[in-house]
Amino acid sequence: MTADPRMPEGYEISADPARIDAGKVHRWLSTDAYWALGRSRGTQDRAIAGSLNFGVYDTATGDQVAYARVITDRATFAWLCDVYVDPAVRGKGLGTAMVTAVREEVRDHGVRRVLLATHDAHEVYAPLGFRPLERPDQWMALIFEQS
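These numbers come from a predicted model, not from an experiment. (Residues numbered from 1 in each chain as written. Predicted model: local features only at pLDDT ≥ 70, side-chain atom pairs only at ≥ 80, totals over all residues. Heavy atoms only, no water.)

1. Digging into the packing of aromatic side chains
All told, the structure shown has 3 aromatic pairs when counted by the stated rule. With a centroid separation of 5.2 Å and an interplanar angle of 25 degrees, the aromatic rings of Trp-28 and Tyr-84 are classed as stacked. One end of the pair, Trp-28, is in helix α1 (residues 22–32); the other, Tyr-84, is in strand β4 (residues 77–85), and 56 residues separate them in sequence. Judged by its relative accessible area of 6%, Trp-28 is buried. (Phe/Tyr/Trp six-rings, centres within 6.5 Å; stacked < 30°, edge-to-face > 60°. Helix = DSSP H or I, 4+ residues; strand = E, 2+ residues; numbered from the N terminus. Buried < 20%, exposed > 50% of the residue type's maximum accessible area, 1.4 Å probe, protein only.)

In structure tokens form, the structure reads like this:
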């Protein structure tokens, strides 16, 4: 999964879990992502272990510069979450290229529906086919309060 024509030159995407820099991902999310502020390293490590993970890497240095994970049964449903691009490389199209690659990967598994939640990136996801729920009144959530 490293050769993707949509990925800007000098970068590659991989779904190899061994390449994920878990420490960097935890730092990004727990300190800079509004949805994961304060998330513990243990929680993040469990999330990575139970998910399909994607990293974008600088081909010259091998450094990870972006991350996304998908919670999926690889058959019918997927939840795209924890999409993050390092601020130093934002604006190069890496997020769009990564989400496009994720979309194609889960489509190849036969997944019919991919959900995500975003507060501020609708313009990133809409051109890739994401749209508001047609019947949000049919969806419910069970939320456990954190102690």
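2. Regarding the pattern of salt bridges
Scanning the model with the defined rule gives 9 salt bridges in all. The partner of Glu-12 in a salt bridge is Arg-19, with the nearest N and O atoms 3.0 Å apart. Across the pair Arg-90 and Asp-32 runs a salt bridge whose closest N-O atoms are separated by 3.7 Å. Of the two residues, Arg-90 is situated in the loop between β4 and α3 (94–108) and Asp-32 in helix α1; the sequence distance between them amounts to 58 residues. One network of salt bridges, in which partners are shared, links Arg-39, Arg-69 and Asp-82. (Salt bridge = Lys/Arg side-chain N within 4 Å of Asp/Glu carboxyl O.)

3. What about the side chain of Ser-14?
Tracing the backbone through its elements, the reader meets Ser-14 in strand β1 (residues 11–14). A distance of 3.0 Å separates the side chain of Ser-14 from the backbone nitrogen of Asp-16, its partner in a polar contact. (Polar contact = N/O pair within 3.5 Å; in protein donor to acceptor, adjacent residues only side chain to side chain.)

4. Looking at the sheet that holds strand β5 (residues 113–115)
One open sheet accounts for 5 strands, arranged β1-β2-β3-β4-β5; its pairing is mixed. Since the sheet does not close on itself, it has two edges, and those belong to β1 and β5, each with one partner. Here the average twist between neighbouring strands, direction ignored, is 20 degrees. Note: β1 against strand β2 (residues 52–58), 4 bridges, orientation antiparallel. Bridging across to β2, Ser-14 finds its partner in Gly-55. Taken strand by strand, α1 contacts β3 (64–72) and β4, and its axis lies near 85 degrees from that of β3. (Pairing = 2+ DSSP bridges. Axes fitted to C-alpha atoms, helices over the stretch in contact; angles between N-to-C directions. Contact = heavy atoms within 4.5 Å.)

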